[in-house]
Amino acid sequence: MDRIRIEGGRPLTGTIRVAGAKNAALPLMAASLLTDEILALTNVPEAADIATMARLLDELGVEIDGEAGADGTPPCGPLRLSAGALTATTAPYDLVRKMRASVLVLGPLLARHGHARVSLPGGCAIGTRPVDLHLKALAQLGAEIELDEGYIEARAPKGLIGAHVVFPVTTVGGTENLLMAAVLAKGETVLANAAREPEVSDLANCLCAMGAHIEGIGTDTLRIQGADRLHGARHAVIADRIETASYAVAAAITGGELAIEGVALDHLDAVADVLAAAGVSLEARNGAIAVARGDKRLRGVDVMTEPFPGFPTDMQAQIMALLALADGASMITETIFENRFMHVPELNRMGANINVHGASAIVRGVPRLSGAQVMATDLRASFSLVLAGLAAEGETVVNRVYHLDRGYERLEEKLTGCGAVIERIRD
Ligand code: UD1
């Protein structure tokens, strides 16, 4: 298993270009199942999860052009997806277990083909993460759903029928699955308490380009008029707001100064507010975001994760690494996932002073961290350990790098280009 070795203590300076958003690209790729014409996606990130989705779609019979996923390597360049004739409607356990977002093929398969068999995802490192809300909502659209030998067996032989769905909890994947089902359902569907994440809006905009009728994009109420069929389209994936914010924290934690290119600043308000309160400036300059901390010590800030437009749970681990070095205490409360503090013991091994009480972590700032061997448990937790390593005195080795490869494109290359001393050790 690959590891990453970092020599800490070097301020990052220079320019980093962020990739397209993995969490937008995954549902967009699944949307190719909704049409027999070509869906051409640009700005797709080179991340392992994209390769996994490409493999899944390939198993279903989707033709993918763009060096997609050969021998498990991430596809690069634009992707052309063509779901002319499908050869299967089953998402097997091995792929769903590897990547929960595989469940996003459920809605489109059911809507266009009247049948889908998708493995139940089960638990994961950050919590139980059920898909009950996806299933209840699809049942409201007339799907017959059974659980059979660990699989979701969903049928809609006469097609789906529009309905009024109220999500009891905001769910990003649930909203995306339902959107993809509703665009081909008969009549009107209303999705209330829908997730407002920019990745959901990106999917909705692409579906509209494919001929879907969706109102309320960007709000918590989506109104969809079902169409008989969708057609092909070209679509550019939005920039990755989490990658952007992760590199903003890299600049701040090392006391450096970075220009981050290719980003949408309006998706980052909540993160920018927290960074500003901690003493980090973020400003739009020449089409990029300029991030700088200056010489002053960081200040402690309280942070609570919330659905968009609140502070993203996918930035909780990274902001914790930063606040571990702040002057004073911070309280970080996780409201989305019940078990997302697995990075805490690892940060503490590097000298941080963090205590978890239920859904909150009390972070008492320390003046310095020291390098150590650490182990990552999920994608964002891994990046928080890289951040801590960049700021720490001495050498840090982050084990289980495959987590990072799932969602961060060419991480070592981007950081090395800004003065970090970081290398991959291949075992
Ligand atoms: C997506 C993102 C993930 C991010 C999360 C929250 C992708 C591929 N992943 O995950 O990076 O951390 O949004 O912003 O886009 N829930 C249920 N039942 C369900 C569905 C969800 O109880 O049927 C719960 C979950 O356990 C969780 C909460 O709802 O506690 C939010 O989850 P959800 O928004 O669905 O996350 P994902 O779509 O899985």
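Bear in mind the structure is a predicted one, so any value in this text is a computation, not a measurement.

1. As for the overall build of the chain
Then step 1. Scanning the chain for helices and strands turns up 14 helices and 24 strands.
Then step 2. Overall, the C-alpha framework of the chain stretches about 65 × 45 × 40 Å when taken along its three principal axes.
Then step 3. The long-range fraction of contacts in the chain, counting pairs at least 24 apart against all pairs at least 6 apart in sequence, stands at 74%.
Then step 4. Taking the 38 positively charged and 52 negatively charged side chains of the chain as two groups, their mean positions are separated by 2 Å.

2. Structural notes on helix α12 (residues 379-391)
Then step 1. With 13 residues, α12 ought to run about 18 Å at 1.5 Å a step, and its terminal C-alpha atoms sit 19 Å apart, in line with that.
Then step 2. In terms of residue burial, α12 counts as a mostly covered element, since 13 of its 13 residues are buried.
Then step 3. A side-chain oxygen of the first residue of α12 lies 3.0 Å from the backbone nitrogen of Arg 380; this N-cap is Asp 378.

3. Re the site of the ligand
Then step 1. In the vicinity of the ligand, 18 residues are found, and the nearest of them are Asp 132, Leu 133, Thr 171, Asp 314 and Ile 336.
Then step 2. Asp 132 has a polar side-chain atom sitting 2.7 Å from a nitrogen atom of the ligand.
Then step 3. Relative to its unbound accessible area of 750 Å², the ligand is 83% covered by the protein chains.
Then step 4. If you list the elements that add at least two residues to the shell around the ligand, you get α5 (132-140) and α6 (172-182).
Then step 5. When residues of the shell around the ligand are assigned to their parent elements, the largest contribution, three residues, is made by α5.

4. A word on the sheet that holds strand β23 (residues 395-399)
Then step 1. Read across the open sheet, the four strands follow the order β22-β23-β1-β24; overall the sheet is mixed. On the outer flanks of this sheet lie β22 (373-375) and β24 (421-425), each paired with one strand and no other. Sheet twist, expressed as the average angle between the axes of neighbouring strands with direction ignored, equals 20°.
Then step 2. Across three bridges, the pairing between β22 and β23 is parallel. Considered in β23, the bridge of Met 375 is made with Asn 399.

5. Re the side chain of Asp 314
Then step 1. For Asp 314, the position within the fold is in the loop between β18 (303-304) and α10 (316-323).
Then step 2. Other than its neighbours up to four places away in sequence, Asp 314 contacts Asn 23, Ile 242, Arg 340 and Arg 380.

6. So, the packing of aromatic side chains
Given two aromatic rings, their pairing is described by the distance between the two centres and the angle made by the two planes.
Then step 1. One pass over the full model with this rule turns up two aromatic pairs.
Then step 2. Between the aromatic rings of Phe 383 and Tyr 408, the centroid separation amounts to 4.4 Å while the plane-to-plane angle is 25°, which identifies the pairing as stacked. With Phe 383 in helix α12 and Tyr 408 in the loop between α13 (402-407) and α14 (411-416), the pair connects residues that are 25 residues apart, well separated along the chain.
Then step 3. Relative accessible area serves as the criterion here: at 0%, Phe 383 is assigned to the buried category.
Then step 4. Taken together, the ring pairs in this structure connect Tyr 247, Phe 383 and Tyr 408 into an aromatic cluster.

7. Some remarks on unusual backbone geometry
Then step 1. Put simply, Phe 308 and Pro 309 share a cis peptide bond, and its omega is 10°.
Then step 2. Examined against the element boundaries, Pro 309 turns out to sit in the loop between β18 and α10.
Then step 3. The phi angle at Asn 43 is positive, at roughly 60°, despite the residue not being glycine.
Then step 4. The phi dihedral of Arg 400 is positive, around 60°, even though this residue is not glycine.
Then step 5. Here Arg 400 is to be found in the loop between β23 and α13.
Then step 6. Exposure remark for Arg 400: the relative accessible area of 33% places this residue in the partly exposed category.

8. Remarks on the nonpolar core
Then step 1. In this structure, Leu 34, Val 105, Leu 179 and Leu 207 are the most contacted members of the largest nonpolar core, which totals 77 residues.
Then step 2. Counting residues per element, this core draws most heavily on helix α1 (residues 22-31), at seven residues.
Then step 3. The contact partners of Leu 179, leaving out residues within four places of it in the chain, are Leu 191, Val 200, Leu 203, Ala 204, Leu 207, Ile 214, Leu 222 and Ile 224.
Then step 4. Counting 72 residues, the second-largest nonpolar core is a separate cluster that includes Leu 268, Phe 311, Val 344 and Ala 420.

9. Quick look at the environment of Val 366
Then step 1. Tracing the chain through its elements places Val 366 in the loop between β21 (360-364) and β22.
Then step 2. Classification of Val 366 as buried rests on a relative accessible area of 12%.
Then step 3. Sequence separation of Val 366 and Asn 353 is 13 residues, and the distance between their C-alpha atoms is 6.9 Å.
Then step 4. With sequence-adjacent residues up to four places away left out, Val 366 is seen in contact with Arg 297, Ala 324, Leu 325, Ala 326, Gly 351, Ala 352 and Asn 353.

10. Quick word on the side chain of Arg 5
Then step 1. The residue Arg 5 is located in strand β1 (residues 3-7) in this model.
Then step 2. Within the structure, Arg 5 has its side chain in polar contact with the side chain of Glu 7 (distance 3.5 Å).
Then step 3. Within polar-contact distance, the side chain of Arg 5 engages the side chain of Glu 395 at 2.7 Å.
Then step 4. For Arg 5, the residues in contact, after removing those within four places along its chain, are Glu 395, Thr 396, Val 397, Val 421, Ile 422, Glu 423 and Ile 425.

11. Comments concerning the pattern of salt bridges
Then step 1. Inspection of every chain in the model, using the stated rule, returns 32 salt bridges.
Then step 2. For Asp 405, the salt bridge goes to Arg 424, with nearest N and O atoms at 2.8 Å. Within this pair, whereas Asp 405 is found in helix α13, its partner Arg 424 is found in strand β24, the two being separated by 19 residues in sequence.
Then step 3. Judged by its relative accessible area of 26%, Asp 405 is partly exposed.
Then step 4. The salt bridge involving Arg 410 is made with Glu 413; its shortest N-O contact spans 3.0 Å.

12. Comments concerning the packing of α1 against helix α7 (residues 198-209)
Then step 1. Where α1 contacts α7, the axes come no closer than 9 Å and their chain directions differ by 30°. Taken together, the axes of α1 and α7 are roughly parallel relative to one another. The element α1 and its partner α7 pack so that their crossing is right-handed. Here Asn 23, Ala 24, Pro 27, Leu 28 and Ala 31 of α1 come into contact with α7, specifically with Glu 199, Asp 202, Leu 203, Cys 206 and Leu 207.

Rules used throughout
Residues numbered from 1 in each chain as written. Predicted model: local features only at pLDDT ≥ 70, side-chain atom pairs only at ≥ 80, totals over all residues. Heavy atoms only, no water. Helix = DSSP H or I, 4+ residues; strand = E, 2+ residues; numbered from the N terminus. Contact = heavy atoms within 4.5 Å. Lys, Arg positive; Asp, Glu negative; His and termini not counted. Charge placed at Lys NZ, Arg CZ, Asp CG, Glu CD. Expected span 1.5 Å × (residues − 1). Buried < 20%, exposed > 50% of the residue type's maximum accessible area, 1.4 Å probe, protein only. Polar contact = N/O pair within 3.5 Å; in protein donor to acceptor, adjacent residues only side chain to side chain. Near = heavy atom within 4 Å. Areas by Shrake-Rupley, 256 points an atom, 1.4 Å probe, with all protein chains shown as cover. Pairing = 2+ DSSP bridges. Axes fitted to C-alpha atoms, helices over the stretch in contact; angles between N-to-C directions. Phe/Tyr/Trp six-rings, centres within 6.5 Å; stacked < 30°, edge-to-face > 60°. Core = buried A, V, L, I, M, F, W, Y, C linked by side-chain atoms within 4.5 Å. Salt bridge = Lys/Arg side-chain N within 4 Å of Asp/Glu carboxyl O. Parallel < 35°, antiparallel > 145°, perpendicular 65-115°, else oblique. Left-handed = near helix turned anticlockwise from the far one by under 90°.

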